Protein chains: 2
Amino acid sequence: MAATLHDVARVAGVSIKTVSNVINDYPHVRPETKERVLAAIAELGYRPNLSARNLRSGRTGMISLIIPNLRNPYFAELADDVMNAASARGLSVLIEQVGGDRESELSVLRGSRRQAVDGILYSVLALGQEDAAVLDEIPLPMVLLGERIFNSSRDHVTMRNEDGLRAATEHLLAIGCRRIIALGSHPGEVIGSAGLRLDGYLQALDAAGVPVDERLIVHADRWHRVDGAAAMRSILAAGTEFDGIVAFNDSLALGAMRIMQEAGLRIPQDVAVIGFDDLDETRYSVPTLSTIEPGRPQIAETAVDMLLARIEERASAESSPAEPREVLTDFRLVQRESTTRAAGAPGSSGL
Amino acid sequence: MAATLHDVARVAGVSIKTVSNVINDYPHVRPETKERVLAAIAELGYRPNLSARNLRSGRTGMISLIIPNLRNPYFAELADDVMNAASARGLSVLIEQVGGDRESELSVLRGSRRQAVDGILYSVLALGQEDAAVLDEIPLPMVLLGERIFNSSRDHVTMRNEDGLRAATEHLLAIGCRRIIALGSHPGEVIGSAGLRLDGYLQALDAAGVPVDERLIVHADRWHRVDGAAAMRSILAAGTEFDGIVAFNDSLALGAMRIMQEAGLRIPQDVAVIGFDDLDETRYSVPTLSTIEPGRPQIAETAVDMLLARIEERASAESSPAEPREVLTDFRLVQRESTTRAAGAPGSSGL
DNA sequence: CTGAAAGCGCTAACAG
DNA sequence: CTGTTAGCGCTTTCAG
């Protein structure tokens, strides 16, 4: 059986309160007493029982991160960023994957593990604006990530989708592209990454006086590599002409590049390509992929900080809760080979 | 304040024991009583307090998975497999990333979160055979993954490294390669993935009567894409001739392919390439990458089952613990474009 | 089939 | 500066 406070107290010849004080770094303990306690702790290999502490304090030191799937590199990298931010603040992260359908997302949100965490970072995927009210029912601090829900009662951290995609499109225009495919639209969507990003594309074309060709706006329901590949196959089959692609995420871009290369199209000479997300692998693809770096580490840090603030606000329970905050992170265009047409470029491999 | 057992009991007009019985699906509860209790639970939105349950029962329903890094796709896919296996068995997974150095691995193993989980799945990376004894000190059920430690007192699940790499090498020999690079060796290592895989390579050459050329055994300390790329650059710089590559993992293979393509080498015509791990992305690279599928889902399921068995064994605490078990999973060679030289092949894109 | 009551190990008033 | 004590919410004997 593991040692308890009482065991330590007995061995050190003090009361459990004193041991507790030492453990929790309370100020007023005489140095020699403290030393005796520390010695007893070491001798017994004592470790506080977290369940008991949680029960008593009402806090677990864990937050949950709800994401669709770790096999999706975007979310694996996000999870890594979040775990780093959390561990720097003394928190552990319980990752919960959800199936992508509305029911599964709701059931995880309401799920039993709820009781085991102090708060939730929720990367919204299947729920939408119409579900904003549902979130109020979850009796736990929560910070939203992503572009599906705005103006709820919860704090929200998101990237500059429109601005980012506008910058990407402007970049292609600047290197001479005129028939630019927007890859990844969700017809009819206004809010959500796809709607916002499409808007950035349209803004850029508009500002440059380049007419919009509906055939260049290519639908892709899901944004995995296989979807980018499939979309590119139909584009090629349809015989649509194009000289640039702004993909709504990196995976779509990578899938499309794969098919273009099979078809003998050269990147960036025949078609320039830019993605969105700055996945690690964009540095290693052939060619390396230009992309928008959406400030993911900043998203993770900000979100963890906001969640922690909400948790502490709730613990002190003094005034009424602060107004929900909306944070937009900074993005950055990263130019790599897939949009570098200059003949005399030094040809760094990007590795 | 959230509802407690007592609240439910009061509303239902029964004692808390009865409520507890209903919640835990104990058999002997009269149907009508049960219904009253269920109604009260629904009315109050009662959810059991997990901290209290954990404190009482000594179990948390969580296991921790210790891995180096989620950004490494191998571990992201492993984590996904483990989470699926765990959630099918009613367990949650706490992922803990470790830095890769010995100290950080030890401190996580001994770390405070220990108290918050019922058991540990530990993918050994920085520790080695000489640390087998250290593992005994961790007072928690544990199952080891990977190839760094054998014959400890812990259960262990691992893949068939030698056999897999032998099969990969034999495959290259079968399609006509004679100067095959083994990419990823760790000089001097005997146990560990690198040592075992090199052994498989040597066995295959030996069996085929192909002489070993030391220049074809290429060192790579770490196994990320960038390391494969760097290694390939030095190979090309050294002017070593080769017509096949068996990489010790997929990332090395993908990095090497990138550099070969820059250098104008055609895959598989000039050089056939095979990797190890069957990462998702091997299906989407250019060309698609042949590889060894090491049975990762099976590893995850087996490991979770074994851990659960240990947890239960400890709970019942009857007889002495069962002998440590060693499980080897089945592998499978997956042939894709990177080793398919047949001229008239249909050229499926593998997507 | 159901109720009463004793803790799991810890924190935090409250007293000394 | 340190000790006593009362629970946190649940599970689990042990009696009815």
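Residues take numbers from 1 onward in each chain, read along the sequence in its written order. Each chain is given a letter, starting from A, and each ligand a number, starting from 1, according to the order in which they appear as written. Given that the model is predicted, a residue must reach a pLDDT of at least 70 before its local features are reported, and side-chain atom pairs must reach 80 or more before they are shown or counted; all residues, however, enter totals for whole chains, interfaces and linings. Where side-chain values are given, they derive from all heavy atoms of the structure, hydrogens and water being excluded.

Per an unreviewed UniProt entry, chain A goes by the name DNA-binding LacI/PurR family transcriptional regulator and belongs to Compostimonas suwonensis.

Quick look at the relation of the copies chain A and chain B now. Taken as rigid bodies, chain A and chain B are interconverted by a rotation of 180° and an axial shift of 0.0 Å, the fit giving an RMSD of 0.1 Å. Within this description, the copies of the chain are treated as partners about a two-fold rotation axis. Looking at the interface residues of chain A, 100% of them are also at the interface in chain B, so both copies use one shared face. Here the copies were fitted onto each other by least squares, based on C-alpha atoms from residues at pLDDT of at least 70 in both. Residue contacts follow a heavy-atom distance rule, with two residues in contact if any of their heavy atoms lie within 4.5 Å.

Residue and element names in this part refer to chain B. Think of it in three bands: residues with accessible area under 20% of the maximum for their type are buried, residues over 50% are exposed, and the middle band is partly exposed, with areas taken using a 1.4 Å probe on protein chains only. Every helix listed is a DSSP run of H or I at least four residues long, and every strand listed is a run of E at least two residues long, numbered separately from the N terminus. Side chains of strand β8 (residues 244-247) alternate between two faces, with Gly244 and Val246 and Ile245 and Ala247 buried alike. Sheet topology places strand β6 (residues 180-185) next to β8; 4 bridges connect them, and they run parallel. Within β8, the position partnered with leucine 183 by the bridge is alanine 247. Bridge count for β8 against strand β9 (residues 272-274) is 3 bridges, and the pairing is parallel. From the neighbouring strand, isoleucine 245 faces β9, where its bridge partner is valine 273. The pairing criterion is simple: DSSP has to find at least two bridges between the two strands.

Our next topic: the protein's contact with DNA strand C. One heavy atom within 4 Å of a molecule or strand makes the whole residue count as near it. Neighbouring DNA strand C are 25 residues; Leu5, Tyr46 and Arg53 of chain A together with Thr18 and Thr33 of chain B lie closest to it. Within 4 Å of the protein, the contacting atoms of DNA strand C are drawn from sugar and phosphate to the extent of 63%. The side chain of arginine 56 of chain A places a nitrogen or oxygen atom 2.8 Å from a base oxygen of DNA strand C. Of all elements in the fold, only α2 (16-23) and α4 (50-57) of chain A together with α2 (16-23) and α4 (50-57) of chain B reach the threshold of two or more residues within the surface near DNA strand C. Polar contacts, as used here, are pairs of N or O atoms within 3.5 Å; protein pairs need one atom able to donate a hydrogen and one able to accept it. Residues neighboring in sequence count only if both atoms are side-chain atoms.

It is worth spelling out the sheet that holds strand β9 (residues 272-274) of chain A at this point. Residues and elements named next belong to chain A. Judged by pairing direction, the sheet is parallel, and its 4 strands sit side by side in the order β7-β6-β8-β9 without closing on themselves. If you trace the sheet from one side to the other, it starts and ends with β7 (217-219) and β9, each paired once. Between one strand and the next, the sheet's axes are offset by a mean angle of 20°, whatever the strand orientation. Two strands pair when backbone bridges link them, and strand β6 (residues 180-185) and β7 are joined in this way by 3 bridges, in the parallel orientation. Residue pairing in the sheet places serine 185 in a bridge with histidine 219 of β7. Lines fitted to C-alpha atoms define the axes here, with helix axes fitted over just the stretch in contact, and angles between the N-to-C directions of these axes take values from 0 to 180 degrees. Packed on one face of the sheet, helix α8 (residues 161-174) meets β6, β8 (244-247) and β9 and runs near 170° to β8.

What follows is about the protein's contact with DNA strand D. Among the 25 residues in the neighbourhood of DNA strand D, the closest are listed as Thr33 and Arg56 of chain A together with Leu5, Tyr46 and Arg53 of chain B. In DNA strand D, atoms within 4 Å of the protein come 58% from sugar and phosphate. At 2.7 Å, a side-chain N or O of arginine 56 of chain A approaches a base nitrogen of DNA strand D. Contact distances for DNA strand D include 3.1 Å between a phosphate oxygen and a backbone N or O atom of asparagine 49 of chain B. Put simply, Ala, Val, Leu, Ile, Met, Phe, Trp, Tyr, Cys and Pro go in the nonpolar bin, Asp, Glu, Lys and Arg in the charged bin, and everything else, Gly too, in the polar bin. Grouping the constituent residues of the surface near DNA strand D by class yields 11 nonpolar, 8 polar and 6 charged.

Now for the interface of chain A and chain B. Put simply, an interface is often sized by how much accessible area is lost when its parts join up. Listed by partner, the interface residues are 52 residues for chain A and 52 residues for chain B. For the pairing of chain A and chain B, the buried interface totals around 4,400 Å² over both sides, and the portion due to carbon and sulfur atoms is 53%. The buried area of a pairing is the accessible area, by a 1.4 Å probe, that goes missing from both parts when the two are put together, added over both. For the chain A face of the interface with chain B, the top three residues by lost area are Arg47, Arg71 and Arg258 of chain A, together amounting to 17%. What counts as a salt bridge is simple: a side-chain nitrogen of Lys or Arg found within 4 Å of a carboxyl oxygen of Asp or Glu. The tally of links from chain A across to chain B stands at 10 salt bridges. For the salt bridge of arginine 71 of chain A with glutamate 77 of chain B, the shortest nitrogen-to-oxygen distance reads 3.4 Å.

All names here are of chain A. An automatic or database domain assignment supplies the start and end points of every domain. Domain boundaries in chain A define domain 1 (5-48), domain 2 (60-158 + 296-329) and domain 3 (161-293 + 334-339). Just the C-alpha atoms count here: the centres of domain 2 and domain 3 sit 30 Å apart. Among the residues domain 2 hides against domain 3, the three largest losses belong to Tyr74, Glu77 and Glu147. Together they make up 49% of the total. Linking domain 2 with domain 3 are 0 salt bridges, by the criterion used here. Sorting the residues of the side of domain 2 that touches domain 3 by element identifies α5 (73-88) and α12 (296-316) as the ones contributing at least two each. The element that contributes the greatest number of residues to the side of domain 2 that touches domain 3 is α5, accounting for 3 residues. Here the residues of the side of domain 2 that touches domain 3 are counted per class, giving 4 nonpolar, 3 polar and 4 charged.

With that settled, consider the side chain of aspartate 278 of chain A. Residue and element names in this part refer to chain A. One can find aspartate 278 in the loop between β9 and β10 (291-293). Reaching out from aspartate 278, the side chain makes a polar contact with the side chain of arginine 336 at a distance of 3.0 Å. Setting aside residues no more than four positions away along its own chain, aspartate 278 makes contact with Glu77, Asp250, Arg283, Thr291, Ile292, Glu293, Pro294, Arg296 and Arg336.

Now for helix α3 (residues 31-44) of chain A. All names here are of chain A. Expected span, for any helix, means 1.5 Å times one less than how many residues it has. Compared with the 20 Å implied by 1.5 Å per residue over 14 residues, the 20 Å span of α3 between its first and last C-alpha is a close match. Listing the buried residues of α3 in full gives Thr33, Val37, Ala40 and Ile41. Down the axis of α3, the sector holding all buried residues measures 100°, keeping them to one side. Exposed residues pointing more than 90 degrees away from the buried face of α3 are listed as Pro31, Glu35, Ala42 and Glu43. Summarising the contacts, the buried residues of α3 are in contact with α1 (5-12) and α2. Starting at the helix axis, one direction is taken to each C-beta atom, and the arc is that of these directions.

Further remarks concern the confidence of the model for chain A. In predicted models, pLDDT denotes the confidence assigned by the predictor to each residue on a 0 to 100 scale. Predicted confidence across chain A gives a mean pLDDT of 89, with 95% of residues reaching 70 or more. Under a pLDDT of 50 for its full length, residues 344-351 of chain A has, in the predicted model, 17 contacts with residues more than four places off or in other chains.

Attention shifts here to unusual backbone geometry. A negative phi angle characterises most non-glycine residues, just as the trans form characterises most peptide bonds. All names here are of chain A. With an omega dihedral of 10°, the bond running from isoleucine 267 to proline 268 counts as a cis peptide bond. Structurally, proline 268 is set in the loop between α11 (250-262) and β9. Backbone geometry places aspartate 277, a non-glycine residue, at a positive phi of 130°. Positionally, aspartate 277 belongs in the loop between β9 and β10. On the basis of relative accessibility, which here comes to 6%, the residue aspartate 277 falls in the buried class.

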